[in-house]
Amino acid sequence: MNPIDTSRRAFLGRTAAFAGVALAPGVLLYEFAAAREAGQEASAAVRWGMLVDTTRCASGCTACVDACNAEHGVPKASRPTDAQWIRKVELKDLRTGAVRSAPVMCQHCAEPPCVDVCPTGASFKRADGIVLVDRHTCIGCRYCMMACPYKARSFVHEPTTGQKTDTPRGKGCVESCNLCAHRVDRGEKPACVDACSAAGHRAIVFGDLNDPSSEIALRVRSVATSQLRADLRTDNGVRYQGL
Amino acid sequence: MRVMAAGLLALALAGAAWAGSRAPVLDAPRGEKCVEDAATMRRSHMDFLRHQRDETVHRGIRGARHSLAGCVECHANAKDGAVLGSPSHFCQGCHAYAAVKLDCFECHASRTRAAQAGRQARSP
């Protein structure tokens, strides 16, 4: 029988103690993640996500869509070619007659196909998981629109007016939901989330999926949720409950 | 010597007259002091903005020193809250004078947040 290597055991013990100390600052990081200070960049320790509870989402209610349009200065879509950042989708199970209503927008994938195909690097994922278009480098080729499995992106065909300070948008670029990056950076929630709460439905929960104590992480852990087209393994930041 | 002095004086007067007739008369800024001195801003504002746009869009850094929204908030016309619209509006006036195409505002808002919210008259 081999003698026990005590030096190795001591080494493992020390390593475990060190790991325990290293975890503590990580936990602190999560607390500061919500309201980022000026000059600080988006943190990779954070993964912003949304949980849409389809059992609470009211059929026919468009509070989230209207709030999104108002927040970003996007005119209400009237033609198929108009820009659309978020849309309400109704699903009906023909056998049971069960109807579910839910908003669908950019799913903020961890492995975004739009980023894979972008020839200029305009389509990118920020460190905190928000998928964005840098309109300064977008050439309007629309590859990302074809690659997106969720039809989340739109091309702006005509000159724009009435832009908002926080949402520059113009002709010739592709755009989509930016998870209200400007609001999130201020420590606020996206406009659709606040509008849904204001309408009394509270169907959308927003938060940091990486923070085990956040409401969204607790919900995702305790109830069955799904990602749209999970078979594509894009690992969406937007999850749906009750689909 | 007297001829030379007269010549210099004539040159100086001509210079003043040139500046007086052609230099754009722009809307006065609201703030007391710009983020850099005027000469630096005239020469390098595009570089400052270009640098910061990448920091903000890609890395998510907010509240930095050189922001286009900051320019608009301070330099907008007092009546319509815009930096475009007439030869006296700050951005348009100087870019027309310098004959440099100004394409920031094809996408970015050219009016202050207050003007967007309808608290000031809309620009024509």
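Numbers given for residues are sequential positions, taken from 1 along each chain in its written order. Each chain takes a letter, starting from A, and each ligand takes a number, starting from 1, following the order in which they are written. Owing to the predicted nature of the model, reporting of local features is limited to residues with pLDDT of at least 70; listing and counting of side-chain atom pairs is limited to 80 or more, with chain, interface and lining totals taken over all residues.

The next point concerns the overall build of chain B. Per the secondary structure count, chain B includes five helices and zero strands. Walking chain B from its N terminus toward its C terminus, one meets helices and strands in the order α-α-α-α-α. Long-range pairs, those at least 24 residues apart, make up 58% of the contacts in chain B with a sequence separation of at least 6. The secondary structure listing takes helices from DSSP runs of H or I that are at least 4 residues long and strands from runs of E that are at least 2 residues long, numbered from the N terminus. Residue pairs are scored as contacts if the distance between their C-beta atoms, which are placed from the backbone, is within 7 Å.

As a further point, take the overall build of chain A. Helix and strand counts for chain A stand at seven helices and 10 strands. Exposed residues have 12 or fewer other C-beta atoms within 10 Å of their own C-beta, buried residues have 20 or more, and partly exposed residues fall in between, where C-beta atoms are placed from the backbone. Looking at chain A residue by residue over its 243 residues, the buried ones come to 37%. Taking contacts inside chain A between residues at least 6 apart in sequence as the whole, the part at least 24 apart equals 60%.

Now for the pairing of strand β8 (residues 204–208) of chain A. All names here are of chain A. Within β8, five of the five residues are buried, leaving the element largely enclosed by the surrounding structure. Two strands qualify as a pair provided DSSP detects at least 2 bridges between them. Where strand β1 (residues 48–53) and β8 come together, five bridges link them in antiparallel fashion. When the sheet's bridge partners are listed, Leu51 is paired in β8 with Val205.

A separate point is the sheet that holds strand β9 (residues 225–226) of chain A. Residues and elements named next belong to chain A. Spatially, four strands are ordered β8-β1-β10-β9 in an open sheet, and the strand pairing comes out mixed. Each edge of the open sheet is held by one strand with a lone partner, namely β8 and β9. One ladder, built from four bridges, connects β1 with strand β10 (residues 238–241); its direction is parallel. Counted as the bridge partner of Met50 is Val238 from β10.

Looking now at the interface of chain B and chain A. Between chain B and chain A, the residue contacts involve 16 residues of the former and 20 residues of the latter. In terms of residue count, the dominant contributor to the side of chain B that touches chain A is helix α2 (residues 38–59) of chain B (four residues). Considered class by class, the residues forming the side of chain B that touches chain A number six nonpolar, five polar and five charged. Each residue gets one label: Ala, Val, Leu, Ile, Met, Phe, Trp, Tyr, Cys and Pro are nonpolar, Asp, Glu, Lys and Arg are charged, and the others, such as Gly, are polar.

Turning our eyes to something else, we now look at the nonpolar core. A set of buried Ala, Val, Leu, Ile, Met, Phe, Trp, Tyr and Cys residues, joined to one another through C-beta atoms within 7 Å, is what we call a nonpolar core. Counting 52 residues, the largest nonpolar core has Val52(A), Cys64(A), Cys68(A), Ile86(A), Cys192(A), Cys196(A) and Ile204(A) as the members making the most contacts within it. Setting aside its immediate chain neighbours within four residues, Cys68(A) contacts Trp85(A), Ile86(A), Ala191(A) and Cys192(A). In terms of nonpolar packing, the next biggest core, distinct from the first, is built from 11 residues, Leu68(B), Ala76(B), Ala109(B) and Ala115(B) among them.

Attention shifts here to the environment of Gly242(A). Residue and element names in this part refer to chain A. Position of Gly242 relative to the elements: it lies in the segment after β10. Gly242 sits in the partly exposed class, given 17 other C-beta atoms within 10 Å. In this structure the C-alpha to C-alpha distance between Gly242 and Ala70, which are 172 residues apart in sequence, comes to 28 Å. If sequence neighbours within four positions are ignored, Gly242 has contacts with Asp53, Thr54, Thr55 and Arg100.

We now examine the environment of Arg169(A). Inspection of the secondary structure puts Arg169(A) in the loop between β6 (154–155) and β7 (174–175). Distance from Arg169(A) to His72(A), taken between C-alpha atoms, is 8.7 Å for residues 97 residues apart in sequence. In this structure, Arg169(A) is in contact with Val156(A), Thr160(A), Gln163(A), Glu175(A) and Cys107(B), ignoring residues within four places of it in sequence.

Further remarks concern α2(B). Along an α-helix, residues three or four positions apart point the same way, because every turn accommodates 3.6 residues. Values of bend correspond, residue by residue, to the angle between axes fitted over the seven residues ending at that residue and the seven starting there. Within α2(B), the axis deviates most sharply at Ser44(B), by approximately 70°. Looking at the residues trailing α2(B), positive phi occurs at Gly60(B), about 75°.

Residues and elements named next belong to chain B. Scored from 0 to 100, pLDDT records how confident the predictor is in each individual residue. Residues at a pLDDT of 70 or more form 78% of chain B, whose mean pLDDT is 83. Note on residues 7–18: pLDDT is under 50 here. Beyond four places in sequence and across chains, it has zero contacts. Across the interfaces of the predicted complex, the ipTM metric reaches 0.79, alongside a pTM of 0.80.

All names here are of chain A. Within helix α2 (residues 63–72), seven of the 10 residues are buried, which leaves the element mostly enclosed by the surrounding structure. Considered for burial, the residues of α2 that qualify are Ala63, Cys64, Val65, Ala67, Cys68, Glu71 and His72. Buried residues along α2 sit in contact with β2 (86–92), β3 (99–105), α6 (191–198) and β8.

The next point concerns the pairing of β3(A). All names here are of chain A. With seven bridges connecting them, β2 and β3 associate as antiparallel partners. Each bridged residue has a counterpart across the sheet, and for Glu90 the counterpart in β3 is Ser101. The antiparallel pairing of β2 with β3 creates a hairpin that spans six residues between the two strands, and Gly97 there sits at a positive phi of about 80°.

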